[in-house]
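The residues making up each chain are set out below.
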There are 2 protein chains.
Amino acid sequence: MAEITIKDVASLAGVSAATASRVLSGNPATSPGARARVAAAITELDYRPNAQARALRSTRSDSIGLLVSDVRNPFFADLAHTVEQAALSEGYVTLLGNANERKEQQDRYLDTLISRRVDGIIVAPLGDGSGSIASLIEREIPTVFVDRTVDGIDVPSVTTDSEAGIRQAVEHLSSVGHTRIGYISGPQATSTGRERFAAFTSAVADTGLSQDPELVYFGDFQAASGSAGVHALLDLDEPPTALLAADSLMAVGALAILHKRGLRIGTDIAMIAFDDVEWFALLNPALSVISHSVEDMGRLAVEMLLQVIAGGTPESVVLPSELIIRASSSSPISPSAGLRPRKN
Amino acid sequence: MAEITIKDVASLAGVSAATASRVLSGNPATSPGARARVAAAITELDYRPNAQARALRSTRSDSIGLLVSDVRNPFFADLAHTVEQAALSEGYVTLLGNANERKEQQDRYLDTLISRRVDGIIVAPLGDGSGSIASLIEREIPTVFVDRTVDGIDVPSVTTDSEAGIRQAVEHLSSVGHTRIGYISGPQATSTGRERFAAFTSAVADTGLSQDPELVYFGDFQAASGSAGVHALLDLDEPPTALLAADSLMAVGALAILHKRGLRIGTDIAMIAFDDVEWFALLNPALSVISHSVEDMGRLAVEMLLQVIAGGTPESVVLPSELIIRASSSSPISPSAGLRPRKN
DNA sequence: CTGAAAGCGCTTACAG
DNA sequence: CTGAAAGCGCTTACAG
């Protein structure tokens, strides 16, 4: 397939490549006649400028990278959607990468995005500041962190204040009589994993609930670890009467096992998940959640990234989180007998 | 930020840019000494080749585009995940675009992907073959359709045979006593929307159920239209006793309204959704679904695209679909009184 | 095995 | 307002 270049357009329009280029970029130093003939030639040839060549010369690509930690996580799917729409309305196209909660994949995508010379990168980072994250900073590539941050790496970020929501959840569970809350934690390699765990720990201490370390299971934010967590927690000698999962995917994994083991949610065991997902409200009983706004997060991240690209240094933003109480956690604690798996 | 180029690497290693380039690309015509010194220089400088410049010369970018119709649809999120993993293992990075079920956005992303000279494109197409889809074909850009096809556009595709699953669903609903099945259809601008609608129509006719045209509501595969569909169908003089939704997102919208109107799923009204989503099994009652393999679809699409890029012309593949009966549809039909919204 | 040179498709001072 | 020329960072025949 013979690629159509700006030269083809120029010669069909009877002008030089320079003039054709000026028309393409909306440079005012062009005559109406030239504009018209070039426009006609472009349509006639169905010409698409080679973005690679353009970026090579002009050192901007009108694209940004978005690296999420797991596309299958509804929270990040929603984030991808808002970021993409916001970027598009500002004339940027979004290249989406998926780290799949693995550091090697994060590094690989970051390298690719750097190589493609995106104008900026929004990333929900994983791990410490080593590897490609460090390269980002060294090269002064405009970067904004979303949802998560990395200790010691100073870039603007938009995150959620997990503390408030988790504290509300713990206090709420305590108020309906629970004393042993099982916590399915995110990985300590992520800032959200650490923050939420710390919030849980201090809330439990402040509320006077059991601080038994066995009540904490460390998962990886993906579904299977939520399932494993439920098994581990229910098999304790003194199992918890309530469960708090640090993200929606682990909650899904947890719910599956709870069902399989014949436990009635909201009756035999209370359950709350971090992250609101539309259909959590559709479960029966409806699932209580700690909610935060993914729309605000995505929109602000794009806004901030554009500021960084423009040379600014926007302030980081911390968004609120809030407990939404639904049926899965609102009943008073039931007799502990309920905790033994029923024989169906 | 001073970009580090291959010249910097070359001079630090004491070789020419040509030799540095050869080492970079693994060209065997290099001496061990040169290889070692270039490798050292690369590490020393943290050099990342400019993918734009490379692609400009070599006319391949080692990237593919994946254009899905809606990232927030779990089916497409899963598809994005499998495609990306499969592509990565073949050395390709995936640029993900999201048409958001809008033709203008599809065209915009397709233009961008063409401009960036991706080596090939996997697309779940929308609309007819006009606009950028036509450009794809004219330019002979390697393309594979997934999930959907476009009439009159002859490119290899991997799709699902919706017919079998829908027929099973209709027959199953009939066998438990339903005669009026409400169908929440996908948009007729998509091949899956048309095929599933046709399958429903013919299955209903063959099974001797009501062919009342009012029992069909045309949605757009997004959640809000599923909600609107339920309202419309339940407000009929003779409302259906069972509902079949043509995708998971419309099913979610439908379930929300069913709950809001106080209808007990599986008892007052039966429900089946096309597309299996992990948590559909967690609903109470668990949701019956028509299942097809997103993993196979993604893996095959990448495989086929690589064949097209290599100059081959792979055969299109049609994957099976199958009904999975769960509690939401397995009870015999209840007295029609159940259909009136309860007063809670 | 290696280097000098040309060229991929653009854009942008520089003259005019 | 327009064109000729240089150059963005690479790769690849072509000689040697």
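About the thresholds
Residues numbered from 1 in each chain as written. Chains lettered and ligands numbered in written order. Predicted model: local features only at pLDDT ≥ 70, side-chain atom pairs only at ≥ 80, totals over all residues. Heavy atoms only, no water. Core = buried A, V, L, I, M, F, W, Y, C linked by side-chain atoms within 4.5 Å. Buried < 20%, exposed > 50% of the residue type's maximum accessible area, 1.4 Å probe, protein only. Contact = heavy atoms within 4.5 Å. Helix = DSSP H or I, 4+ residues; strand = E, 2+ residues; numbered from the N terminus. Arc of directions from axis to C-beta. Pairing = 2+ DSSP bridges. UniProt positions renumbered as here; feature names shortened; annotations may be inferred. Near = heavy atom within 4 Å. Polar contact = N/O pair within 3.5 Å; in protein donor to acceptor, adjacent residues only side chain to side chain. Nonpolar A, V, L, I, M, F, W, Y, C, P; charged D, E, K, R; others polar. 1 Å grid on protein atoms, 1.4 Å probe; cavity = no way out; pocket = protein on both sides within 12 Å on 5 of 7 lines; lining within 4 Å. Points joined across faces, edges and corners; volume = space filled by probe spheres on them. Least-squares fit on C-alpha atoms with pLDDT ≥ 70 in both. Axes fitted to C-alpha atoms, helices over the stretch in contact; angles between N-to-C directions. Phe/Tyr/Trp six-rings, centres within 6.5 Å; stacked < 30°, edge-to-face > 60°. Salt bridge = Lys/Arg side-chain N within 4 Å of Asp/Glu carboxyl O. Buried area = accessible area lost by both parts, 1.4 Å probe.

- As recorded in an unreviewed UniProt entry, chain A goes by LacI family transcriptional regulator and comes from Cryobacterium shii.

Some thoughts on the nonpolar core
Right, on to step 1. Grouped together as the largest cluster of nonpolar side chains are 96 residues, with contacts concentrated most on Leu244(A), Met271(A), Phe280(A), Leu244(B), Met271(B) and Phe280(B).
Right, on to step 2. Among all residues touching Met271(B), those that are not within four sequence positions of it are Leu243(B), Ala245(B), Ala251(B), Ala254(B), Leu255(B), Leu258(B), Ile265(B), Leu287(B), Ser288(B), Ser328(B) and Ser329(B).
Right, on to step 3. Judged by nonpolar contacts, the second largest core, of 55 residues, contains Ile122(A), Val144(A), Ala80(B) and Leu305(B).

Side note on helix H2 (residues 17-24) of chain A
Residue and element names in this part refer to chain A.
Right, on to step 1. Those residues of H2 that fall on the buried side of the exposure criterion are Thr 19, Ala 20 and Val 23. Taken around the axis of H2, the buried residues stretch over an arc of 100 degrees, which confines them to a single face.
Right, on to step 2. For H2, the elements touching its buried residues are helix H1 (6-13) and helix H3 (32-45).

Notes on the pairing of strand E4 (residues 143-147) of chain B
Residue and element names in this part refer to chain B.
Right, on to step 1. Of all five residues in E4, five are buried; the element is thus mostly enclosed.
Right, on to step 2. Bridge count for strand E3 (residues 120-123) against E4 is three bridges, and the pairing is parallel. Bridging from a neighbouring strand, Val 123 pairs with Phe 145 of E4.
Right, on to step 3. In this structure, E4 lies alongside strand E5 (residues 157-160), joined through three bridges in parallel fashion. Bridge pairing in E5 places Phe 145 opposite Ser 157.

A closer look at the UniProt feature "domain: HTH lacI-type" (unreviewed entry) in chain A
Right, on to step 1. With numbering matched to this structure, UniProt assigns "domain: HTH lacI-type" (unreviewed entry) to residues 4-58 of chain A.
Right, on to step 2. Overall, residues 4-58 of chain A shows 69% helix and 0% strand. The separation of its end C-alpha atoms is 20 Å.

As for the protein's contact with DNA strand D
Right, on to step 1. In the region of DNA strand D, 24 residues are neighbours, and Arg22(A), Ser31(A), Arg57(A), Ser21(B) and Tyr47(B) sit closest.
Right, on to step 2. Separating a phosphate oxygen of DNA strand D from a side-chain N or O atom of Tyr47(B) is a distance of 2.7 Å.
Right, on to step 3. Among the secondary structure elements, those contributing two or more residues to the surface near DNA strand D are H2 and helix H4 (51-58) of chain A together with helix H2 (17-24) and helix H4 (51-58) of chain B.
Right, on to step 4. When grouped by side-chain class, the residues that make up the surface near DNA strand D number 12 nonpolar, seven polar and five charged.

Quick word on the protein's contact with DNA strand C
Right, on to step 1. Contacts to DNA strand C come from 24 residues, most closely from Ser21(A), Thr19(B), Arg22(B), Ser31(B) and Arg57(B).
Right, on to step 2. Close to the protein, within 4 Å, the atoms of DNA strand C belong to sugar or phosphate groups at a rate of 63%.
Right, on to step 3. Here a phosphate oxygen of DNA strand C and a backbone polar atom of Asn50(A) are 3.3 Å apart.
Right, on to step 4. Here a base oxygen of DNA strand C sits 2.4 Å away from a polar atom, N or O, in the side chain of Arg22(B).
Right, on to step 5. Looking at the surface near DNA strand C, the elements with two or more residues in it are H2 and H4 of chain A together with H2 and H4 of chain B.
Right, on to step 6. The element contributing the most residues to the surface near DNA strand C is H4(A), with four residues.

Some thoughts on the layout of surface pockets
Right, on to step 1. Here the largest pocket is characterised by a volume of approximately 1400 Å³.
Right, on to step 2. What lines the largest pocket is a set of 49 residues, and nearest its centre among them are Glu3(A), Asn50(A), Ile114(B), Arg117(B) and Arg139(B).
Right, on to step 3. Elements with a minimum of two residues in the lining of the largest pocket: H1, H2 and H4 of chain A together with H4, helix H6 (103-115), helix H7 (132-138) and helix H12 (294-309) of chain B.
Right, on to step 4. The biggest single contributor to the lining of the largest pocket is H4(A), with five residues.
Right, on to step 5. In the lining of the largest pocket, the residues fall into 24 nonpolar, 12 polar and 13 charged.
Right, on to step 6. Looking at the second largest pocket, its volume works out to about 1200 Å³.
Right, on to step 7. Pro74(A), Trp279(A), Arg72(B), Pro74(B) and Trp279(B) are, among the 44 residues lining the second largest pocket, the residues nearest its centre.
Right, on to step 8. Those elements giving two or more residues to the lining of the second largest pocket turn out to be helix H5 (74-89), helix H11 (248-260) and helix H12 (294-309) of chain A together with helix H5 (74-89), helix H11 (248-260) and H12 of chain B.

Comments concerning the environment of Ala29(A)
Right, on to step 1. Position of Ala29(A) relative to the elements: it lies in the loop between H2 and H3.
Right, on to step 2. Considered as a pair, Ala29(A) and Thr313(A) are 284 residues apart in the sequence and their alpha carbons are 34 Å apart.

Some remarks on unusual backbone geometry
Excluding glycine, most residues fall at negative phi; most peptide bonds, likewise, are trans.
Right, on to step 1. The peptide bond linking Asn284(A) to Pro285(A) adopts the cis configuration, its omega dihedral lying at 0 degrees.
Right, on to step 2. Its location among the elements puts Pro285(A) in the loop between strand E9 (270-274) and strand E10 (288-291).
Right, on to step 3. Backbone geometry places Phe221(B), a non-glycine residue, at a positive phi of 75 degrees.
Right, on to step 4. Within the element layout of this structure, Phe221(B) appears in the loop between strand E7 (216-218) and helix H10 (223-234).

Overview of the relation of the copies chain B and chain A
Right, on to step 1. By a simple turn and slide, chain B fits onto chain A: the slide is 0.0 Å along the axis, the RMSD is 0.0 Å, and the turn is 180 degrees. Interpreted geometrically, this transformation is the action of a two-fold axis. Distance from the rotation axis, computed per C-alpha, reaches its smallest value in chain B at Gln52(B): 2.4 Å.
Right, on to step 2. With an isologous cut-off of 70% or more, the 100% of interface residues of chain B that recur at the interface of chain A puts this contact in the isologous class.

A few points about the side chain of Asn100(B)
Right, on to step 1. Looking at the secondary structure, you find Asn100(B) in the loop between strand E2 (93-98) and H6.
Right, on to step 2. Discounting residues that sit within four places of it in the chain, Asn100(B) has contacts with His81(A), Gln85(A), Val68(B), Ser69(B), Asp70(B), Arg72(B), Gln105(B) and Gln222(B).

Concerning the sheet that holds strand E6 (residues 181-185) of chain B
Residue and element names in this part refer to chain B.
Right, on to step 1. Here six strands make up an open sheet; going across it, the order is E7-E6-E8-E9-E10-E12 and the pairing mixed. Edge positions in the sheet fall to E7 and strand E12 (322-324), since each of these pairs with one other strand and no more. Ignoring strand direction, the axes of neighbouring strands in this sheet form an average angle of 15 degrees.
Right, on to step 2. Taken together, the three bridges between E6 and E7 define a ladder with parallel strand orientation. When the bridges of E7 are listed, Ser 185 appears paired with Phe 218.

Observations regarding the environment of Met271(B)
Right, on to step 1. Here Met271(B) is to be found in strand E9 (residues 270-274).
Right, on to step 2. Considering only alpha carbons, one finds Met271(B) and Ala254(B), 17 residues apart in sequence, at a separation of 9.3 Å.

A short note on the packing of aromatic side chains
Think of a pair of aromatic rings as described by two things: how far the centres are apart, and how the planes are tilted against each other in angle.
Right, on to step 1. For the coordinates displayed, the defined rule picks out 11 aromatic pairs over all chains.
Right, on to step 2. Both rings, one in Trp279(A) and one in Trp279(B), keep their centres 3.6 Å apart while their planes meet at 0 degrees; by these two values the pair is stacked. Of this pair, Trp279(A) sits in the loop between E9 and E10 while Trp279(B) sits in the loop between E9 and strand E10 (288-291), placing the two residues on different chains. Here Trp279(A) matches Trp279(B) in class, with each residue buried.
Right, on to step 3. Between Tyr183(B) and Phe197(B), the aromatic rings sit 6.5 Å apart at their centres with planes inclined by 20 degrees, giving stacked as the arrangement.

Concerning the pattern of salt bridges
Residues and elements named next belong to chain A.
Right, on to step 1. What the rule picks out here adds up to 36 salt bridges over all chains.
Right, on to step 2. A salt bridge links Asp 70 to Arg 72; the nearest nitrogen and oxygen atoms lie 3.9 Å apart.
Right, on to step 3. Residue Asp 70 is classed as buried on the basis of its relative accessible area, which comes to 2%.
Right, on to step 4. A salt bridge links Asp 212 to Arg 180; the shortest N-O distance between them is 3.0 Å.

Thoughts on the interface of chain B and chain A
Right, on to step 1. Facing 55 residues of chain B, the contacting portion of chain A comprises 55 residues.
Right, on to step 2. Both faces combined, the contact of chain B with chain A buries some 5400 Å², and carbon together with sulfur accounts for 52% of it.
Right, on to step 3. Between chain B and chain A we count six salt bridges in total.
Right, on to step 4. Between Arg48(A) and Asp111(B) there is a salt bridge, and its shortest N-O distance comes to 2.2 Å.
Right, on to step 5. For the pair chain B and chain A, the interface holds 33 residue pairs in polar contact (both at pLDDT 80 or more).
Right, on to step 6. Among the secondary structure elements, those contributing two or more residues to the side of chain B that touches chain A are H4, H5, E2, H6, H7 and H11 of chain B.
Right, on to step 7. Broken down by class, the residue content of the side of chain B that touches chain A amounts to 23 nonpolar, 18 polar and 14 charged.

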